[in-house]
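# Examination of the molecular architecture
Spelled out, the chains give:
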Amino acid sequence: MLQNALADAGYPGRVTVACSGGPDSLALAAVAAYFARRGHVDGHPLAVGAVVVDHQLQAGSAQVAARTADALRELGLHPVEIRTVTVSASGMGPEAAAREARHAALEAAAAEQGAGAILLGHTLDDQAEQVLLGLARGSGTRSLAGMRPARAGTGNQVLLRPFLGLRRAGTEEICEVEELEPWHDPTNTDPAFARSRTRVEVLPHLEQKLGPGVAESLARTASILQLDADYLEDVAESTYASLVERDGADLSLPEEPLRALAPAIRFRVIAKAAAATGGQQPGYQRLLAAEALLRRQGSAGPVELPGGVSVYRLSLAQRERPAGPGGPGGAGSVPRERARCGKLVFRPQKPPQE
């Protein structure tokens, strides 16, 4: 699995393993260490380092990080370093905040090590849990597509998940064969977290009631949806680029070609305009509200989208008269004549950051 992942990534000469000390990432480190001792993959030189991120969220986390780093050095990985991070108390939730801090630390360390790829130990079970959580939240194609085997990071590294086709039991077996003693994170079984409940209660219950193979089926669904999501994303990106008009900080989309799009593309194009104006990914209900402006007569709005973006509909008649204070259509009454060709305007409500 690792051999194929590195081949697909173009055989980076140096990689960094992200290791928490748990069975999944420790097993991945052991497999990577095998290739590091050989010094190559398919004849291509390979050096392997590692990073242990200490989130400081549990008592004794520094000791866990130190023991994990020692185990990685005994495997022969070099360099091995510990990155201590502070997880901010932001509005994104503790799990997302920890993930953001972890990825920033991993990418910074990998850049310093000169690595072309970061290896992450997510398994098929993690993928199945991700899909179930997406279903429970009513998410769209992108979320249900789960985690990708490879994706670009924010820097020059690619993030690789070689074990997405391997069950968690397989990583535990690797640790046993290699005589490694993994650390078992107590939060993985803490019912306070939705992911933990999915892991300990929901997925085993589905396997019991529906028969074995549920996790594999969910992971296969993610793989199929990744292909669909990529295609829709490519179409939406090229469509957005062909339609978007810019006027200072404002963006606009002409409504007639926007109306003519298939709904799956139209919603994505609207979301792209919101993001390009400085907003966040809108939820489905907010997207519905913004898209509904296309069925209004005359100028209409605003519809508020997350991240401080307002969406207006300007009719043709309103476009042809000077705009007054208070918004695209002025502060006066909103005209109700039927527009021949208007547009959706996306306006940031916060001044752009310099």
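This report concerns the structure included in the present document. (Residues numbered from 1 in each chain as written. Predicted model: local features only at pLDDT ≥ 70, side-chain atom pairs only at ≥ 80, totals over all residues. Heavy atoms only, no water.)

### Comments concerning the overall build of the protein
Each helix and strand counted, the protein has 13 helices and 13 strands in total. Dimensions of the protein, computed from C-alpha atoms along their principal axes, come out at roughly 75 × 50 × 45 Å. When each of the 354 residues of the protein is scored for burial, the buried share is 45%. When contacts within the protein are restricted to residue pairs at least 6 apart in sequence, those whose partners lie at least 24 apart make up 68%. Of the roughly 18,000 Å² of accessible surface on the protein, a fraction of 52% belongs to carbon and sulfur atoms. Where the 37 positive side-chain charges of the protein centre and where its 40 negative ones centre are 10 Å apart. (Helix = DSSP H or I, 4+ residues; strand = E, 2+ residues; numbered from the N terminus. Buried < 20%, exposed > 50% of the residue type's maximum accessible area, 1.4 Å probe, protein only. Contact = heavy atoms within 4.5 Å. Areas by Shrake-Rupley, 256 points an atom, 1.4 Å probe, with all protein chains shown as cover. Lys, Arg positive; Asp, Glu negative; His and termini not counted. Charge placed at Lys NZ, Arg CZ, Asp CG, Glu CD.)

### Focus: the environment of proline 348
Along the chain, proline 348 falls in strand β13 (residues 343-348). Each C-alpha atom, one on proline 348 and one on alanine 229, is 28 Å from the other, the two residues being 119 residues apart in sequence.

### So, the pairing of strand β11 (residues 300-305)
Examined bridge by bridge, β11 and strand β12 (residues 309-314) share four bridges and lie antiparallel to one another. Along β12, the bridge assignment pairs glutamate 304 with serine 310. If you look at the hairpin formed by β11 and β12, you'll find three residues sitting between the two strands, and glycine 307 has a positive phi there, around 95 degrees. (Pairing = 2+ DSSP bridges.)

### Examining helix α8 (residues 194-210)
Approximately 30 degrees is the largest bend angle found in α8, and it occurs at valine 202, with the proline proline 204 only one to four residues beyond. Within the sequence span of α8, burial applies to Arg195, Ser196, Thr198, Arg199, Leu203 and Glu207. Against the buried residues of α8 lie α4 (94-113), α5 (124-136), α7 (168-177) and α9 (214-243). Among the residues trailing α8, glycine 211 stands out with phi positive, at a value near 100 degrees. (Bend = angle between axes of the 7 residues up to and from the residue.)

### Notes on unusual backbone geometry
At the junction of histidine 78 and proline 79, the peptide bond is cis and its omega measures out at -5 degrees in the coordinates. Not every positive phi belongs to a glycine, and tyrosine 11 is a case in point at roughly 55 degrees. Note that tyrosine 11 resides in the loop between α1 (2-8) and β1 (14-18). Residue classification places tyrosine 11 among the partly exposed residues on the basis of a relative accessible area of 23%. With a phi close to 55 degrees, aspartate 42 is a non-glycine residue in the positive phi region.

### Quick word on helix α3 (residues 61-75)
Helix length check: α3 (15 residues) gives 21 Å between terminal C-alpha atoms against 21 Å at 1.5 Å per residue, within 8%. Taken as a whole, α3 has its buried residues at Ser61, Val64, Ala65, Thr68, Ala69, Leu72 and Leu75. Axial view of α3: buried residues confined to an arc of 135 degrees, hence all on one face. In α3, the exposed positions that point more than 90 degrees away from the buried face belong to Arg67 and Glu74. Those residues of α3 that are buried lie in contact with α2 (23-38), β4 (47-54) and β5 (80-84). (Expected span 1.5 Å × (residues − 1). Arc of directions from axis to C-beta.)

### Here's the deal with the packing of aromatic side chains
By the definition in use, this model includes two aromatic pairs. Taking the centre distance of 5.1 Å and the plane angle of 75 degrees together, the rings of tyrosine 34 and phenylalanine 35 count as edge-to-face. Ring centres of phenylalanine 267 and tyrosine 284 lie 6.2 Å apart, and the angle between their planes is 55 degrees; this geometry places the pair in the tilted category. You can see phenylalanine 267 sitting in helix α11 (residues 263-276) and its partner tyrosine 284 sitting in helix α12 (residues 284-292), a full 17 residues away along the chain. The exposure class of tyrosine 284 is exposed, given its relative accessible area of 53%. (Phe/Tyr/Trp six-rings, centres within 6.5 Å; stacked < 30°, edge-to-face > 60°.)

None of this, on its own, says anything about what the molecule does.
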